[in-house]
Amino acid sequence: MERKKLIIGHLFPEFLNMYGDKGNILALQNRLLWRDIDAAVKTFGIDDEINFSALDIIVLGGGSDREQKLVCERLQRDRVALSEYVESGGVLLALCGAYPMLGKHFPLKNETLDGLSVLEIDTEPDAARHIGDVVIQSDLMGETGYIVGFENHSGKTRIGDYKPLGTVCRGFGNNGEDQSCGVIYKNLVGTYLHGPLLPKNPKLADYLLSKALLRKYGEEIALLPLCDQAENEAHDYIVERFLK
Amino acid sequence: MRIRLILAIWACKLAIFASRLLGKNGSSMPGQVALKICPRIMTLLAGQVKQDIIVVCGTNGKTTTNTLLSAMLESSGHRVVCNQLGANMIWGVCCAFCEKTDLWGRLHADFACLEVDEASTVKVFAHIKPDYMVITNLFQDQLDRYGEVDLTVDFLRRALALSPETKLVLNGDDPVVSQLGEETGRVAYYVCVDEKVREESSGGSEGRFCSFCGSPLSYAYHHYSQLGNFTCPNCDFRRHEPDFRVHGVGLENGLSFKLTHGDKTAAFDVDYRGFYNVYNIALSYSGAVLVLDKAPDHQAVLSEYQPQTGRMESFTINGKTVILNLAKNPAGFNQALSTVMADTRKKNVLIGVNDNPSDGQDISWIWSVDFERLSDESVKNLVVTGYRADDLMLRMKHVGFSESQQVKTRDLKEAVCGLLAGEGEVSYALVNYTVVFTMQEILKEMEGGAGYGA
């Protein structure tokens, strides 16, 4: 049988690796390799052309305002291709500033940019900055479970009729009003939870991997169970500490 | 005014005395009391400094740099106000002035050397207009407190705007620091390591782009993080011509280097570890040369200087050596890892990370540290500890250490015992801010023979 393989596109890590975003790439890559599925990581620089149809998973992380502005301006050029990728079921993980960037407006500290309009979500700047550990409840992974992470943003995002990634148990989330955190649309997951989100949330990582395998190979491909002791202990520590 | 000032000083001194009776080393409460009674106290006392006031800022190395600078000035026969305990918020600075003031409100000092937290510079500069500001480096640090490096630069910019006469002494190899010299048009002195020292992997992404036009910087050579001989290919921004030029750097058996300023060259040879200390020493020496207008006796100062808590501090327990090092952010950790891996002996390594407010509650940065360098045959045992031991174990799993190859405990004593039980010839403990003090106490106690049965 032919070995399965996924291609992970890491967009602009030279700009968007402020909060240890490398952790997400490691989690995706290793969780494939540990199951004898090949993983290739393609790293894109700001001047590189991106062939979206050759990618199975795209990861967009967080950077400083200055860096996010450069990335947003760069991606305007590929707005249509990125939209088509998402509409056709491409897996996209957008964290931190990359999340509001996908909507209509993308507020930075001193200005508001036009967003990429991949999603009909909208963000307004907030005077306060929301910083801290976050626990949300999500039914994304088949059963209801917790997703843990850390947020640091000053935007308020409203997601309209989209489904949120989860409901906030601790933290601020999308806007501090409707308890929603993040967004899911087709195989796009966006959230303010930043940096190394996937290592500690192995079910979310596997969710993204199985969606990408399904899209690429046209059939459900069961992911072998892994020993997730370290993953689960790091995850449960946050849940225990902040919820109980 | 004079009455208020004297009252404030008495209250501050009393508060210092009281908190020491209680066994505390606090400087913030006494400083707060003094500022409350006499809001202008810092301006009044700073005005009595006979010669210069120097402020030291920067992500890493400010305590070392400031302490060395102060010691060089003292060894030249001067009286110096210095906030030596690393108490670097406004209250700590205020407290340092009060301590050197007599009961009648008279300050007897020729210089003031003040380490100031970057986020506190605006508050401090509202009271004090320093003659010089030394900036060691600006790395990504404790993101949840400062937001990001750009925000830190903003603090310094706003602080400098309050004090138009302040001259700058800058790490010229750091583009983020250098931009402040370029854009403010101040009198600035650039201190640079003017040669390629070694191959070094990078860590931390901030500042590798031109602060003025956003293009990626290119490097003739590169030291660590964003430090090096940089040029912007797109605009005029480039490493400034050094005013203080470090060359002839040797990193074996301590540190040695030469520093040239004008037609004078000084030689340095010290028993310190870590390349980053070249910058700390060079910046403090340059600062001293500028304010004294002559070369200080640096060698005596440097050989006497005791590293602070956990700056590669060495302990001997039952004949085994444990080296404790504070590292607070990716740049600090990567530098510490360089030092650890330069030691070719078999070793046990402990990594400890807490997430108290003074550590930074966001520990995402552990994924930016090049822990991959630990996957080497010479690393025999790995211990992870601190409140975020679980996160560290997971990080190390992605380096290639399985769960069973690591000792994980949130208890620091247990962690030290686990470290000593390893089969390495030497043990290194790399830990962040609030771990370091507790761990130092544990190590001292064990060194003294109280023992934990290890």
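Residues numbered from 1 in each chain as written. Chains lettered and ligands numbered in written order. Predicted model: local features only at pLDDT ≥ 70, side-chain atom pairs only at ≥ 80, totals over all residues. Heavy atoms only, no water.

### Overview of the overall build of chain B
Alright, step 1. A tally of helices and strands in chain B yields 15 helices and 17 strands.
Alright, step 2. Against the compact-globule benchmark of 22 Å for 454 residues, chain B has a radius of gyration of 22 Å, which places it among compact chains.
Alright, step 3. Taken along its principal axes, the extent of the C-alpha atoms in chain B is 65 × 60 × 40 Å.
Alright, step 4. Classification of the 454 residues of chain B by burial places 61% in the buried group.
Alright, step 5. Summed over all atoms, the accessible surface of chain B reaches about 17200 Å², with 49% contributed by carbon and sulfur.
Alright, step 6. Each charge sign in chain B was given a centre, from 44 positive and 53 negative side chains, and these centres are 6 Å apart. (Helix = DSSP H or I, 4+ residues; strand = E, 2+ residues; numbered from the N terminus. Rg over C-alpha atoms; globule rule 2.2 N^0.38 Å. Buried < 20%, exposed > 50% of the residue type's maximum accessible area, 1.4 Å probe, protein only. Areas by Shrake-Rupley, 256 points an atom, 1.4 Å probe, with all protein chains shown as cover. Lys, Arg positive; Asp, Glu negative; His and termini not counted. Charge placed at Lys NZ, Arg CZ, Asp CG, Glu CD.)

### With respect to the pattern of salt bridges
Alright, step 1. Using the criterion set out here, one finds 38 salt bridges over all chains in the structure.
Alright, step 2. A salt bridge links Asp 133 of chain A to Arg 388 of chain B; its shortest N-O distance comes to 3.9 Å. One end of the pair, Asp 133 of chain A, is in strand E7 (residues 122-138); the other, Arg 388 of chain B, is in the loop between strand E15 (379-385) and helix H13 (389-399), on a second chain. Grouping residues by exposure puts Asp 133 of chain A and Arg 388 of chain B together as buried.
Alright, step 3. One salt bridge in this structure joins Arg 241 of chain A and Asp 355 of chain B, with 3.0 Å as the shortest N-O distance. Here the residue Arg 241 of chain A occupies a position in helix H7 (residues 229-243), and Asp 355 of chain B occupies one in the loop between strand E14 (347-352) and E15, the pair thus bridging two chains.
Alright, step 4. Accessibility expressed as a relative area gives 3% for Asp 355 of chain B, which makes it buried. (Salt bridge = Lys/Arg side-chain N within 4 Å of Asp/Glu carboxyl O.)

### A few points about the domain arrangement of chain B
Alright, step 1. Domain annotation of chain B identifies domain 1 (48-304) and domain 2 (313-447).
Alright, step 2. Using only C-alpha atoms to locate each centre, domain 1 of chain B and domain 2 of chain B end up separated by 28 Å. (Domains from an automatic or database assignment.)

### Quick notes on the pairing of strand E4 (residues 91-95) of chain A
In summary, the side chains of a regular strand alternate between the two faces of the sheet.
Residues and elements named next belong to chain A.
Alright, step 1. With 5 of 5 residues buried, E4 is to be regarded as a mostly interior element.
Alright, step 2. Residues Val 91, Leu 93 and Leu 95 point to one face of E4 and Leu 92 and Ala 94 to the other, with burial holding for every one of them.
Alright, step 3. Looking at chain direction, strand E3 (residues 57-60) and E4 are connected through 4 bridges and run parallel. Residue pairing in the sheet places Ile 58 in a bridge with Leu 92 of E4.
Alright, step 4. The pairing of E4 with strand E12 (residues 188-191) spans 4 bridges and is parallel. Bridging across to E12, Leu 92 finds its partner in Leu 188. (Pairing = 2+ DSSP bridges.)

### Some details on helix H2 (residues 28-37) of chain B
Residues and elements named next belong to chain B.
Alright, step 1. Among the residues making up H2, those that are buried are Pro 30, Gly 31, Ala 34 and Leu 35. For H2, the buried positions fall inside an angular range of 130 degrees around the axis, keeping them on one side.
Alright, step 2. Taken together, the buried residues of H2 touch helix H1 (2-21), helix H3 (41-46), helix H5 (90-99) and helix H6 (121-127). (Arc of directions from axis to C-beta. Contact = heavy atoms within 4.5 Å.)

### Some remarks on the side chain of Asp 391 of chain B
Alright, step 1. Among the structural elements, Asp 391 of chain B can be located in helix H13.
Alright, step 2. In contact with Asp 391 of chain B, other than residues within four places in its own chain, are Lys 200 and Ala 234 of chain A together with Ile 363 and Ile 366 of chain B.

### Some thoughts on the sheet that holds strand E8 (residues 145-158) of chain A
All names here are of chain A.
Alright, step 1. Spatial ordering of the open sheet is given by E8-E7-E9-E10, a layout of 4 strands whose pairing is antiparallel. Here the strands that pair on one side only, and so sit at the sheet edges, are E8 and strand E10 (180-181).
Alright, step 2. Examined bridge by bridge, E7 and E8 share 13 bridges and lie antiparallel to one another. Note that in E8 the partner of His 130 across the bridge is His 153.
Alright, step 3. Across the sheet, H7 lies against E7, E8 and strand E9 (166-170), angled at about 65 degrees from E8, the strand it touches most. (Axes fitted to C-alpha atoms, helices over the stretch in contact; angles between N-to-C directions.)

### Let's talk about a nonpolar patch on the surface
Alright, step 1. Judged by side-chain polarity, Trp 10, Leu 103 and Trp 104 of chain B come together as a nonpolar surface patch covering roughly 340 Å² of accessible area.
Alright, step 2. Looking at the secondary structure, you find Leu 103 of chain B in the loop between H5 and strand E3 (111-115). (Patch = residues over 30% accessible without salt bridge, like charges linked within 9 Å, V, L, I, M, F, W, Y side chains within 5 Å.)

### Some words on unusual backbone geometry
Alright, step 1. The backbone of Lys 186 of chain A shows a phi angle near 50 degrees, a positive value even though the residue is not glycine.
Alright, step 2. Within the secondary structure layout, Lys 186 of chain A lies in the loop between strand E11 (183-185) and E12.
Alright, step 3. Given the relative accessible area of 42%, Lys 186 of chain A is considered partly exposed.
Alright, step 4. Look at Asp 293 of chain B: it is not a glycine, yet its phi comes out positive at around 65 degrees.
Alright, step 5. Following the sequence through the fold, Asp 293 of chain B ends up in the loop between helix H10 (276-292) and helix H11 (298-304).
Alright, step 6. Residue classification places Asp 293 of chain B among the exposed positions, given a relative accessible area of 69%.

### Regarding the interface of chain A and chain B
Alright, step 1. With 37 residues of chain A at the contact, the number on the chain B side is 34 residues.
Alright, step 2. In total, about 3100 Å² of surface goes out of reach between chain A and chain B, with carbon and sulfur atoms giving 51% of it.
Alright, step 3. When the buried surface of chain A facing chain B is broken down by residue, Met 18, Arg 66 and Tyr 237 of chain A rank first, second and third, together holding 20% of it.
Alright, step 4. Here chain A and chain B share 8 salt bridges between them. (Buried area = accessible area lost by both parts, 1.4 Å probe.)

### Description of the sheet that holds E11 of chain A
All names here are of chain A.
Alright, step 1. If you walk across this open sheet you meet the 6 strands as E2-E1-E3-E4-E12-E11, and the pairing is mixed. Strands with a single pairing partner mark the edges of an open sheet, and in this sheet they are strand E2 (38-44) and E11. Neighbouring strand axes in the sheet, compared pairwise and without regard to direction, differ in orientation by 15 degrees on average.
Alright, step 2. Relative to E3, strand E1 (residues 5-11) runs parallel, the two sharing 3 bridges. Across the sheet, His 10 pairs through a bridge with Val 59, a residue of E3.
Alright, step 3. Most of the contacts of helix H6 (residues 202-217) go to E1, to which it runs at about 120 degrees, and overall it touches E1, E3, E4 and E12.

### A closer look at the nonpolar core
What tends to happen in soluble globular proteins is that the nonpolar side chains get buried as a cluster.
Residue and element names in this part refer to chain B.
Alright, step 1. One finds Leu 73, Phe 371 and Leu 374 to be the most contacted residues of the largest nonpolar core, which totals 78 residues.
Alright, step 2. Residue contributions to this core peak at 12 residues, all from H10.
Alright, step 3. When residues of this core are sorted by domain, at least three fall in each of domain 1 (48-304) and domain 2 (313-447).
Alright, step 4. Once you skip the residues sitting within four places of it in the chain, Leu 374 turns out to touch Leu 337, Met 341, Val 349, Val 379, Leu 382, Met 396 and Phe 401.
Alright, step 5. Counting 49 residues, the second-largest nonpolar core is a separate cluster that includes Cys 12, Cys 38, Val 49 and Val 81. (Core = buried A, V, L, I, M, F, W, Y, C linked by side-chain atoms within 4.5 Å.)

### Notes on the state of the cysteines
Here a disulfide denotes one covalent bond, and it connects the sulfur atoms of two cysteines.
Alright, step 1. Applying the stated criterion to the full structure yields 0 disulfides over all chains.
Alright, step 2. Not part of a disulfide, Cys 98 of chain B finds its nearest cysteine sulfur in Cys 12 of chain B, a span of 3.7 Å. (Disulfide = S-S within 2.5 Å.)

### What about helix H9 (residues 175-184) of chain B?
All names here are of chain B.
Alright, step 1. Counting buried residues in H9 gives 7 out of 10 residues, a clear majority hidden from the surface.
Alright, step 2. Residues of H9 that are buried: Pro 175, Val 176, Val 177, Ser 178, Gln 179, Leu 180 and Gly 181.
Alright, step 3. If you follow the buried residues of H9, they end up packed against strand E4 (132-135), helix H8 (149-161), strand E5 (167-171), strand E6 (188-193), strand E7 (218-224) and strand E8 (227-231).
Alright, step 4. A side-chain oxygen of the first residue of H9 lies 2.9 Å from the backbone nitrogen of Val 176; this N-cap is Asp 174. (Polar contact = N/O pair within 3.5 Å; in protein donor to acceptor, adjacent residues only side chain to side chain.)

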